[in-house]
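Take a look at the letters that make up each chain.
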Amino acid sequence: MPTTDRAARRRTLDALLRHSPLQPAFRARAARRLAVLAYHGIDDPAAFRAQMEHLARTAHPVGPDQVAHAAEHHRPLPPRSVLVTFDDGDPTVLTHALPILARLRIPAAAYVITDLIDTDHPYWWTEATQLIRRGGHTGALRGLPSAAAVHRLKTLPDGERLHALAELRATAGRQAPRQRQLTAAELRTLTDGGLTVGNHTASHPCLDRCDDDHLDAQLVEAHDRLTAWLGHPPTTFAYPNGNHDPRAETVLRILGYRTAFLFDHRHTALVPAERLRISRLRVNSHTGRHRFDTILSGLHPAVHRLRGGR
């Protein structure tokens, strides 16, 4: 089906859900739950501004420290609490999101990949996609289109993933384009503007695919670099790809982390039961108004699970 037809069907479904008789009941229940919104980059600043203005009018924006305090002291957050988060450290968080959040006084958290700071290296999944399009190949991904290949790479033991990436680089006709990344100085600009900068590992492997030593290094090296750049240790973490691993949780506790976030498209309690396994809702800056409303209410996540979504 053409992309335009799929988009039209999605908009129709979103509108039907938004006006469903179930929506008021879900909205009432959501008022007693914490919504943690998980963004990446901001590709539609105007739509993102509208989303944040909606939150400023209808919700109670909170920061990660408030979430941590609620979990640690067993004191519920206010009704309709919402935490805004961003994964991967996309520069548009600085250029597009920060001015909007600062104007509206909405706290937020940005989780960064420390190996990319002060570089122009692409994200590894973006690089893999580009290398495959440029003729790169490896036996582990034989016959897979780029999107399926990236999904496959995320399921491999991390040593095999790194080997496959090396083969793609060696066989591609051209290397992947460079990509602007944040600098250490810009991390401090984010914190000066009211955002909390958190740990998203050194290079963004799926931690449940790492051996013990590599998992430890991913967390500790990123922690130490952020401590040096920010002048204080980070205390909040987001699992790459949302892949929780109990070994990582143990290391995070030792390092003094107060919160850690999944990517499971769920609400959580106003007193999070597991502060190092807090659910988040997947959203984008281009998420339409109807879908944004049903994500906040919990109706969209419920339908997503019924349809077998992760």
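One can find the structure itself at the top, above this paragraph.
Residues numbered from 1 in each chain as written. Predicted model: local features only at pLDDT ≥ 70, side-chain atom pairs only at ≥ 80, totals over all residues. Heavy atoms only, no water.

> Tell me what's going on with the overall build of the protein chain, and back it up with residues and numbers.
Counting its regular elements, the protein chain contains 13 helices and nine strands. Here the protein chain has a C-alpha radius of gyration of 20 Å; the compact-globule value for 310 residues is 19 Å, and the two agree. Overall size of the protein chain, expressed as C-alpha extent along the three principal axes, is 55 × 50 × 35 Å. Relative to its 310 residues, the protein chain shows a buried fraction of 49%. At a minimum sequence separation of 6, the contacts of the protein chain that also span at least 24 residues come to 72%. A total accessible area of about 14,300 Å² is found for the protein chain, and carbon and sulfur atoms account for 53% of it. Side-chain charges of the protein chain comprise 41 positive and 31 negative groups, with the mean position of each set lying 10 Å from the other. (Helix = DSSP H or I, 4+ residues; strand = E, 2+ residues; numbered from the N terminus. Rg over C-alpha atoms; globule rule 2.2 N^0.38 Å. Buried < 20%, exposed > 50% of the residue type's maximum accessible area, 1.4 Å probe, protein only. Contact = heavy atoms within 4.5 Å. Areas by Shrake-Rupley, 256 points an atom, 1.4 Å probe, with all protein chains shown as cover. Lys, Arg positive; Asp, Glu negative; His and termini not counted. Charge placed at Lys NZ, Arg CZ, Asp CG, Glu CD.)

> I'd like to hear about the packing of helix H12 (residues 289–297) against helix H13 (residues 299–306), residue by residue, with values.
In the contact formed by H12 and H13, the axes pass within 4 Å of each other and the chain directions differ by 85 degrees. Looking at the two axes, H12 sits roughly perpendicular to H13. Of the residues in H13, those in contact with Arg291, Thr294, Ile295 and Ser297 of H12 are Leu299, His300 and Pro301. Considered class by class, the residues forming the contact of H12 with H13 number three nonpolar, three polar and one charged. (Axes fitted to C-alpha atoms, helices over the stretch in contact; angles between N-to-C directions. Parallel < 35°, antiparallel > 145°, perpendicular 65-115°, else oblique. Nonpolar A, V, L, I, M, F, W, Y, C, P; charged D, E, K, R; others polar.)

> Which residues make up the pairing of strand E5 (residues 195–199), and what are the values?
The element E5 is extensively covered by neighbouring structure, given that four of its five residues are classed as buried. The pairing of strand E4 (residues 108–112) with E5 spans five bridges and is parallel. Across the sheet, residue Ala108 finds its bridge partner in E5, namely Leu195. (Pairing = 2+ DSSP bridges.)

> I'd like a rundown of the packing of aromatic side chains, residues and numbers included.
This structure, assessed with the given rule, holds eight aromatic pairs. Aromatic pair Phe48 and Phe86: ring centres 6.0 Å apart, planes at 55 degrees, arrangement tilted. Placement of the pair is Phe48 in helix H3 (residues 45–58) and Phe86 in strand E3 (residues 81–88), with a sequence separation of 38 residues. Phe86 gets classed as buried once you look at its relative accessible area, which sits at 0%. Taking the centre distance of 5.7 Å and the plane angle of 85 degrees together, the rings of Trp124 and Trp125 count as edge-to-face. (Phe/Tyr/Trp six-rings, centres within 6.5 Å; stacked < 30°, edge-to-face > 60°.)

> So, the pattern of salt bridges: which residues are in play, and what are the values?
What the rule picks out here adds up to 17 salt bridges. A salt bridge links Asp65 to Arg258; its shortest N-O distance comes to 3.5 Å. You can see Asp65 sitting in helix H4 (residues 64–73) and its partner Arg258 sitting in the loop between helix H11 (246–255) and strand E7 (259–261), a full 193 residues away along the chain. Salt bridges here are not isolated pairs; linked through shared partners, they connect Glu249, Arg253, Glu274 and Arg277. (Salt bridge = Lys/Arg side-chain N within 4 Å of Asp/Glu carboxyl O.)

> Explain unusual backbone geometry to me, and be specific about the residues and the numbers.
One non-glycine residue, Asp88, lies in the positive phi region at around 85 degrees. Within the element layout of this structure, Asp88 appears in strand E3. The backbone of Arg105 sits at a positive phi, close to 60 degrees, despite the residue not being glycine. Position of Arg105 among the secondary structure elements: in the loop between helix H5 (92–104) and E4.

> I'd like to hear about the pairing of E4, residue by residue, with values.
In regular strands, side chains alternate between the two faces of the sheet. Counting buried positions along E4 gives five out of five residues, so the element sits mostly inside the fold. Burial of E4 is two-sided: the residues Ala108, Ala110 and Val112 facing one way and the residues Ala109 and Tyr111 facing the other way are all buried. Across five bridges, the pairing between E3 and E4 is parallel. Bridged to Thr85 within E4 is Ala109. At this point the chain moves from E3, through H5, to the parallel E4, and the crossover so formed is right-handed. (Right-handed = clockwise from strand over helix to strand, strands pointing away.)

> Residue-level account of the nonpolar core, with values.
Counting 36 residues, the largest nonpolar core has Tyr39, Phe86, Leu187 and Leu190 as the members making the most contacts within it. Apart from the residues lying within four places of it in its own chain, the contact partners of Phe86 are Tyr39, His40, Ile42, Phe48, Val93, Ala97, Leu101, Ala108, Ala109, Ala110 and Tyr111. Within the second largest apolar cluster, 17 residues are counted, among which are Trp124, Ala128, Ala149 and Ala172. (Core = buried A, V, L, I, M, F, W, Y, C linked by side-chain atoms within 4.5 Å.)

> So what about the side chain of His204? Which residues, and what values?
Structurally, the position occupied by His204 is in the loop between E5 and helix H10 (212–230). With relative accessibility at 6%, the residue His204 sits in the buried group. A polar contact of 3.4 Å, which involves the side chain of His204, links it to the side chain of Asp88. His204 has contacts with Asp88, Ile113, Trp124, Trp125, Gln218, Pro240 and Asn241, leaving out every residue within four places of it along the chain. (Polar contact = N/O pair within 3.5 Å; in protein donor to acceptor, adjacent residues only side chain to side chain.)

> Could you give an account of H5, naming the residues involved and the relevant values?
Between the first and last C-alpha of H5 there are 17 Å, a value that for 13 residues agrees with the 18 Å anticipated at 1.5 Å per step. Leu98 marks where H5 bends most, by close to 40 degrees; the proline Pro99 follows one to four residues later. Of all the residues in H5, the buried ones are Thr92, Val93, Leu94, Ala97, Leu98, Ile100 and Leu101. Where H5 terminates, the next one or two residues include Arg105, which has phi positive at roughly 60 degrees. (Expected span 1.5 Å × (residues − 1). Bend = angle between axes of the 7 residues up to and from the residue.)

Spatial relationships are all this shows, so hold off on functional conclusions.
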